[in-house]
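Fold and geometry: a report
Each chain, written out:
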Amino acid sequence: MDYKNAGVDIEAGYRSVELMKEHIKGTMRKEVLTNIGGFSGAFSMEQFKNMEKPTLVSGTDGVGTKLKLAFLLDKHDTVGIDCVAMCVNDIACAGGEPLFFLDYIACGKNEPEKIATIVSGVAEGCKQSGAALIGGETAEMPGFYPVDEYDLAGFAVGVVDEKDLITGKTIKEGDVLIGIASSGIHSNGFSLVRKVFNMTEEALNTYYDSLGTTLGEALIVPTKIYVKALRCVKEAGVTIKGCSHITGGGFYENIPRMLPDGVRAVVKKDSYPIPPIFEMLSIDGDVAEEMMYNTFNMGIGMMLAVDKSDADRTIEALKAAGEKAYKVGAIEAGEKGVTLC
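My aim in this report is to walk through the structure given alongside it, one point at a time.

Calculation criteria
Residues numbered from 1 in each chain as written. Predicted model: local features only at pLDDT ≥ 70, side-chain atom pairs only at ≥ 80, totals over all residues. Heavy atoms only, no water. Helix = DSSP H or I, 4+ residues; strand = E, 2+ residues; numbered from the N terminus. Contact = heavy atoms within 4.5 Å. Areas by Shrake-Rupley, 256 points an atom, 1.4 Å probe, with all protein chains shown as cover. Lys, Arg positive; Asp, Glu negative; His and termini not counted. Charge placed at Lys NZ, Arg CZ, Asp CG, Glu CD. Buried < 20%, exposed > 50% of the residue type's maximum accessible area, 1.4 Å probe, protein only. Pairing = 2+ DSSP bridges. Polar contact = N/O pair within 3.5 Å; in protein donor to acceptor, adjacent residues only side chain to side chain. Axes fitted to C-alpha atoms, helices over the stretch in contact; angles between N-to-C directions. Phe/Tyr/Trp six-rings, centres within 6.5 Å; stacked < 30°, edge-to-face > 60°. Salt bridge = Lys/Arg side-chain N within 4 Å of Asp/Glu carboxyl O.

**Some remarks on the overall build of the chain**
Along its length, the chain carries 12 helices and 12 strands. For the chain, restricting intrachain contacts to residue pairs at least 6 apart in sequence, the fraction spanning at least 24 positions comes to 85%. Surface summary for the chain: the accessible area is close to 15,800 Å², and the carbon and sulfur share equals 50%. Side chains of the chain carry 34 positive and 48 negative charges; the gap between the two charge centres is 6 Å.

**Overview of the pairing of strand β8 (residues 242-245)**
Where burial is concerned, the two faces of β8 agree: the one with G242 and S244 and the one with C243 and H245 are both buried. With 4 bridges connecting them, β8 and strand β10 (residues 300-306) associate as antiparallel partners. Residue S244 lies in a different strand from β10, and its bridge partner there is M303.

**Structural notes on the side chain of S187**
Its location among the elements puts S187 in the loop between β5 (176-181) and α5 (190-196). Overall, the relative accessible area of 8% leaves S187 in the buried class. Among the polar contacts listed, one links the side chain of S187 to the side chain of D82, at a separation of 2.9 Å. At a separation of 2.9 Å, a polar atom in the side chain of S187 contacts the side chain of T223. Apart from residues no more than four positions distant in its own chain, S187 is found in contact with V63, K66, D82, M86 and T223.

**What to know about helix α2 (residues 66-73)**
Looking only at α2, the buried set comprises K66, L67, L69, A70 and F71. In this structure, the buried residues of α2 make contact with α3 (79-93), β4 (150-161), α5, α6 (201-204) and α7 (215-220). Immediately downstream of α2, the backbone of D74 shows phi near 50°, a positive value.

**Let's talk about the sheet that holds strand β11 (residues 325-333)**
Reading across from one edge, β8-β10-β5-β11-β9-β12 is the order of the 6 strands in this open sheet, with mixed pairing throughout. Because the sheet does not close on itself, it has two edges, and the strands there are β8 and β12 (338-340). Strand-to-strand twist of the sheet, defined as the mean angle between neighbouring strand axes without regard to direction, takes the value 25°. Of the pairings in the sheet, the one linking strand β9 (residues 263-267) to β12 comprises 3 bridges and is parallel in character.

**Observations regarding the packing of aromatic side chains**
Going through the model one piece at a time under the given rule, you end up with 6 aromatic pairs. A ring pair is formed by F43 and F100, whose centres lie 5.2 Å apart and whose planes are at 45°; its orientation type is tilted. You can see F43 sitting in the loop between α1 (10-25) and β1 (54-62) and its partner F100 sitting in strand β2 (residues 97-107), a full 57 residues away along the chain. Taken as a pair, F43 and F100 share a single burial class, namely buried. Ring geometry for F144 against Y145: centres 5.2 Å apart, planes inclined by 65°, an arrangement best described as edge-to-face.

**A word on the pattern of salt bridges**
Counting across every chain of the model gives 22 salt bridges. Linking K241 and D307 is a salt bridge whose minimum nitrogen-to-oxygen distance equals 3.8 Å. You can see K241 sitting in the loop between α8 (227-235) and β8 and its partner D307 sitting in the loop between β10 and α12 (311-320), a full 66 residues away along the chain. Classification of K241 as buried rests on a relative accessible area of 12%. Here the residues in one salt-bridge network are E52, D161, K163, D164 and K234, joined through shared partners.

The structure is reproduced here in structure tokens:
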């Protein structure tokens, strides 16, 4: 009896590392001091010494049950983008610049080519956000995960000068809410998605004119990464007062997280186009409107609060960054929360 007979293939692990190195190489930053394969990743903070008060910000998350869709479609090259996005978007919400990322893949059987494909998506997400992929872990766990399934999670660290932290403390009545379009469902609410839609190969490969794609293609679209977009707003001279990453809990749970006491966000539902996948979900699943806004991003992946005088400049900066952005509401006096009208 040996480890391989117990279900863990050490040689496959070595091959996985070799295959992923090519993808990881493209994410490197000059601050990275170690090579892939060591016991830890080292990252120099030397260049951030010119900040008045350099402050580390971090984020950790996974892809959730969207992975079930990847298994069904046998498509594994984009879920890594989702994993990175869920972490670095939270860092960007605080005004931070993502510096480095680490991933964790747990699987029932280590198939080196599949693992490398997953990591290629992680590397792509890191490139989009400017983070270096400096390490990770692939754990082969036979008997714990089915041989054809895996879990994927990540952890990111960023930096921001303390004076530039986005805290929401200065949000006041009259400020404007700017919504940045999502790419689709992103990586939240898939437990409900999988209850609404028939998760079979035939159903997922069915083309819908309203979607312009098959159902599976519409659902698997990776989470948008907003790091560069928010950087463009800052470079345009706009002070972002508050920022909400619209993830699990939708509008109702996430928008209040950026608000101080004494104000509430008023969002106009008809102020931007809602992607057809959400209408399809609502109709096919008979999901109430309130539940839709309390589960999904409804077409807005990031919500910003800015001074009224900065609203147009914010929209222009976001459009210059290639994003679709809309004035979706305003801040009013009242009990902290969200009103949809």
